[in-house]
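Chain and residue survey
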Amino acid sequence: MSIVRRLAIIGRNFIDGIATPPRLMWEQRGLLRLLIRREMVGRTSGTSLGSAWMLVQPALQMLGMWFFLVIVLQVRSPGRVPFVNYFLVGMVAWTMLSEILQRNLTVMVEFGALYQRTIFPLPLLPLLPLLVSGAIYGTVLVVVAAVLEGPFAAAGAACGILLLLIWLVPISYGLAVLGLFVREARQVVPFALTMLMY
């Protein structure tokens, strides 16, 4: 087999790998909508605010960090961008990344009963945490960036979240498979993510 032919095969597989998740989401949009609704109801069932908690909880977390850094510690920075703004925007993105990676470790096990009994599009499951957490923390990040730095920063934050989510697709697939076969990964990855944050 010639080198040109091998490169063509590799290129075709690369393009197919990039195109598969969006195509799958489009083809299975009804099922995906149902799974996202199930995820949101599962997180907030029995609470007085209902699905509003999906946005209120990260917003309260950011408000608490702002209070602690600005009021209690009175952190100042010598640069043009205040440290608190820099920290809060980075912390929202990091929290989203951490939640997606940890959730992907358990998503295949959680839905095991479903795909073992029926024909089910398995490649859809690792995309579920990406979409749910991306929507929640993406919204919070855009609002935080708009409040702290204005509308241009909000547009930049939206683009940044979208690029981060695209970058996380292959990692999500890898962690979903790892979490299915190596149960200890569910204990090690949260610790590793905490260490990486600091």
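These notes cover the structure that comes with them. (Residues numbered from 1 in each chain as written. Predicted model: local features only at pLDDT ≥ 70, side-chain atom pairs only at ≥ 80, totals over all residues. Heavy atoms only, no water.)

Brief notes about the packing of helix α4 (residues 83–110) against helix α7 (residues 151–181)
Operational definition: Simply put, an axis is a line fit to the C-alpha atoms, just over the touching stretch for a helix, and the angle between two N-to-C directions goes from 0 to 180 degrees. Secondary structure elements follow DSSP: runs of H or I no shorter than four residues count as helices, runs of E no shorter than two count as strands, and numbering proceeds from the N terminus. Any angle that falls under 35 degrees is termed roughly parallel, while one over 145 is termed roughly antiparallel, one within 65 to 115 roughly perpendicular, and all others oblique. Two helices that cross are described as forming a left-handed crossing if the nearer one is turned anticlockwise from the farther one by less than a right angle, and a right-handed crossing if clockwise. For this analysis, residues touch if any pair of their heavy atoms sits within 4.5 Å. Residue polarity is assigned by list, with Asp, Glu, Lys and Arg as charged and Ala, Val, Leu, Ile, Met, Phe, Trp, Tyr, Cys and Pro as nonpolar; anything else, Gly included, falls into the polar class.
Here α4 crosses α7 at 30°, and the two axes come no closer than 8 Å. Taken together, the axes of α4 and α7 lie roughly parallel to each other. Taken as a pair, α4 and α7 cross one another with a handedness that is right-handed. Contacts between α4 and α7 involve Ala93, Met96, Leu97, Ile100, Leu101, Asn104, Leu105, Val107, Met108 and Val109 from the first element and Ile161, Leu164, Leu165, Trp167, Leu168, Ile171, Ser172, Leu175, Ala176, Gly179 and Leu180 from the second. Classifying every residue of the contact of α4 with α7 by side-chain character gives 18 nonpolar, three polar and no charged.

Notes on helix α3 (residues 53–72)
Applicable threshold: Categorising residues by exposure relies on relative accessible area from a 1.4 Å probe, with only protein chains included: less than 20% of the type maximum marks a residue as buried, more than 50% marks it as exposed, and the intermediate range marks it as partly exposed. The arc in question is the one spanned by the directions pointing from the helix axis to the C-beta atoms.
Within the sequence span of α3, burial applies to Met54, Pro58, Met62, Met65 and Leu69. Down the axis, α3 shows its buried residues gathered within 60° of arc, on one side only. For α3, the elements touching its buried residues are α2 (29–44), α4 and α6 (127–149). Just downstream of α3, Gln74 is the residue with a positive phi angle, here 50°.

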